[in-house]
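Read off the chains here:
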Amino acid sequence: MTQAALGSLLPLAVAAPLAGAAVAPLVARLSPRLPLLTSLVTLLGSLGLLIAVAPSVFGGQVVVHYLGGWRPVRGSALGIAVAADPFGLTFALLSAGIGAVLVLYTLSELGGLGPRELGGYAALVQLLLAGLIGAALTADTVDLFVWFEVAALASYGLTGFFLERPPALEAAFKILVLTTIAGFCVFMGAGLLYNTHGALNYGQLAQDLTGPLQSADLLALGLLLAGFATKAGLVPFHGWLADAHTAAPGPVSALFSGLMVNLGIVGITRVALQIYPAADTPVLGVLMVVGVASALAGACLALVQDDLKRLLAYDTVSQVGVITVGLASAQPAGVAGAVYHLINHALFKSLLFLCAGAIVHRTGQTLLSQMGGLARTWPGLAVAFGVGVASIAGVPPFNGYVSLGLIHSGLTDSGQYVPYALLLAAQLITIAALSRAAWLAFLKPRAEDYEHRELLRPGMQVGVGILAASCVLFGVAPSYVLEHIADPAASALLQPAQYTTAILQGAGHVMQLRTEFDYADPAELAVALSSVVLGILLARRVLRHGPPRVTDLLRRAHNGSVNDYAAYAISGLIAVVATFML
Amino acid sequence: MIAVNYLAAAALFCLGLYTVLTRRNLIKMVMGLSLMETSTYLLFISMAYRSGSTAPVLLNPPKGQSPEQLAAGNVADPVLQNFCLTAIVIGVAVTAVFLSVVVRIAQHRRTLDADCIRELRG
């Protein structure tokens, strides 16, 4: 197919789930399960369209389509550009693929709900995924804002999906307040950029934003970063994240944690690496600080949680921090590692949330202190959970090992040893937190048997199985993934001029950078294995003597007050803006 | 004087933010967020303003002028005004979701005090 024909497929990949969202509540009248089946079809259709574009894009082409044929005239674009670069397409493929797996899982877990509930649920899920795919493929700042809001509106609905549960309502209010503020930030940032440069297109903005910037540009940069950091759940913008994940049903938490937070990462990446790179700003330094802070704070908070889903949610804060650190290293290995880790995080965190959802659904227990002995009751589930934990921990055959190793070498390549050391500390605490969870839920003996035990239904087994298999697959074939996915993505991110020229010209090629990953590097193996050992020792200490005192301070800061969470986010915004402007 | 608009937008934004940060009543917080939203509309409309410009409507031009002349001449920026429309539509939807959540919270908890709705913490 020609480039133009491929480009015209891109809007369809977004339109399919949008159309499905409109149809879902209607077909629910025919049969309660029909809306979920429809969403499965639309998501697989969207996935198929994206796969059709994939070979060309991962081969280095940037496939561009201007909606309505409004192509740029003399270098200035008024029409909305949809552009598939390897980074955006990776995220779009992940969204459609994992979205389909999650719908399949929901079909067998929540399939017993009434037609109204299932119709609404299917509509919201498809709306959220359409927002994510749209945001990944767009090359226009205000379009990005619109997809951000589409995803946000759907996420409000999904957080408060079980309206009869008071915690769900509380969580919905928190996510509403913080995401609305984030939306204002993104909106004002995009508007300010348009006002000073008369441009919305990434390509045009990047060509204009060179040399010393005006203060309006710096203000816009701060606003955009803060807005997307809220969506990504980076410290100190993360107040909503743990609550929203705790209250939502299992597949929804997986959707939020595996996919939705990555919308923030996509926004941050576009702004920091593709729109503003030519200008001399301390944006990478800011991202490094925020990323390391998130990695550490998230891991410490995860270490002391008693609620399994809340523990996983705080681990998401930590993992998003790790991805941000990789991006902020701006080295080929670090950025490729960040993209790789983004894929891995989507896989293993969805897997873990599905396992947690299955446990909550089957035993009715949400607290780790009341679980135990699950390894004997559900060996299959224990294996799946173990795969997820080993992946996060970076144990060699699993996928986390590769991406963490790449991020580490990105940091050492650029000589940033302080973030490297802090990242290792965060990794150690993360391992401790998850092995503590695995011990308490699965391995610790439990005196009495569970009241109701039921085997996993086929759809749930398939969903969990696909995700666990992918975790292993992405761990054992690093050279394939690097060559065909992560390296092209990093090339487009690190050579922004080629990407932005391609957008304005309607097509273009990005030169490929190559990174190497040595699987049997003794230093990296030693780091991985020693952090696992130290992490398990730390988990033992926490189980015996209680958590260290630092964590009390952090827990007290998370006091559940929505005013305070908003205040943290606003002080973060002020700090970020001040760093750029002073 | 357009500077007044910018000052008013900043004042409205800060007023809304102050409400969100200091009021514990959920309805008041929603009102604060609405104020912040309104301030962005004012900011955008003010940014679209050009001194002495006409509305960016090219249909039925005044006598003796063609649409092309109008477009090349002094008109307010239609793109920013468009953003405002988009944002208003989104804002209405968000406020509706906000208020329905608040109503549900009030039904369940019999309170609107954000300090009493802190089950999820730590």
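Residues numbered from 1 in each chain as written. Chains lettered and ligands numbered in written order. Predicted model: local features only at pLDDT ≥ 70, side-chain atom pairs only at ≥ 80, totals over all residues. Heavy atoms only, no water.

A. Quick look at the side chain of A:Ser531. Residue and element names in this part refer to chain A. Within the element layout of this structure, serine 531 appears in helix H21 (residues 522-545). For serine 531, the side chain forms a polar contact with the main-chain oxygen of valine 527, separated by 2.9 Å. Those residues within four positions of serine 531 in sequence are excluded, and the remaining contacts are Gln427, Leu428 and Ile431. (Helix = DSSP H or I, 4+ residues; strand = E, 2+ residues; numbered from the N terminus. Polar contact = N/O pair within 3.5 Å; in protein donor to acceptor, adjacent residues only side chain to side chain. Contact = heavy atoms within 4.5 Å.)

B. Quick look at the interface of chain B and chain A. Contacts between the two partners involve 42 residues from chain B, matched on the other side by 44 residues from chain A. Taking both partners together, chain B and chain A bury about 3,800 Å²; carbon and sulfur atoms supply 77% of that area. In terms of surface lost to chain A, no three residues of chain B exceed B:Phe83, B:Leu120 and B:Gly122, which account for 19% of the buried area on that side. If you look at where chain B meets chain A, you find 0 salt bridges. (Buried area = accessible area lost by both parts, 1.4 Å probe. Salt bridge = Lys/Arg side-chain N within 4 Å of Asp/Glu carboxyl O.)

C. Layout of the packing of helix H13 (residues 332-363) of chain A against helix H15 (residues 379-393) of chain A. Residue and element names in this part refer to chain A. Close contact between H13 and H15 brings their axes to 9 Å; oriented N to C, the two are set at 145 degrees. Note that H13 runs across H15; the crossing there is left-handed. Facing Phe348, Lys349, Leu351, Leu352, Cys355, Ala358 and Ile359 of H13, the residues of H15 in contact are Leu381, Ala384, Phe385, Val387, Gly388, Val389, Ser391 and Ile392. (Axes fitted to C-alpha atoms, helices over the stretch in contact; angles between N-to-C directions. Left-handed = near helix turned anticlockwise from the far one by under 90°.)

D. The pairing of strand E1 (residues 61-66) of chain A, seen in detail. All names here are of chain A. Where E1 lies against strand E3 (residues 507-509), 3 bridges are found, and the strand directions are antiparallel. Counted as the bridge partner of glutamine 61 is histidine 509 from E3. As defined by bridge partners, E1 adjoins strand E2 (residues 81-84) across 4 bridges and the pair is classed as antiparallel. Considered in E2, the bridge of valine 64 is made with alanine 83. (Pairing = 2+ DSSP bridges.)

E. Structural view of the packing of helix H10 (residues 250-275) of chain A against helix H20 (residues 496-505) of chain A. All names here are of chain A. The interhelical angle for the contact between H10 and H20, taken along N-to-C directions, is 100 degrees, at an axis separation of 9 Å. The pairing of H10 with H20 is recorded here as roughly perpendicular in orientation. Contacts from Arg270, Leu273 and Gln274 of H10 reach H20 at Pro496, Tyr499 and Thr500. The residue inventory of the contact of H10 with H20, partitioned by class, reads 3 nonpolar, 2 polar and 1 charged. (Parallel < 35°, antiparallel > 145°, perpendicular 65-115°, else oblique. Nonpolar A, V, L, I, M, F, W, Y, C, P; charged D, E, K, R; others polar.)

F. Focus on the pattern of salt bridges. All names here are of chain A. Evaluation of the coordinates by the stated rule reveals 10 salt bridges over all chains. Here glutamate 170 ties to lysine 174 by a salt bridge, and the two come within 2.9 Å at their closest N and O atoms. Here glutamate 170 pairs with lysine 174, and both are found in helix H6 (residues 166-197), just 4 residues apart, close to one helical turn. Taken individually, glutamate 170 and lysine 174 each receive the classification buried, so the pair is uniform in this respect. Between aspartate 315 and lysine 349 there is a salt bridge, and its shortest N-O distance comes to 3.0 Å. (Buried < 20%, exposed > 50% of the residue type's maximum accessible area, 1.4 Å probe, protein only.)

G. The arrangement of the environment of A:Gly7 in detail. All names here are of chain A. Position of glycine 7 relative to the elements: it lies in helix H1 (residues 3-27). Note on glycine 7: relative accessible area 0%, which makes it buried. Taking the C-alpha atoms as reference points, glycine 7 and threonine 159, separated by 152 residues in sequence, lie 34 Å from one another.

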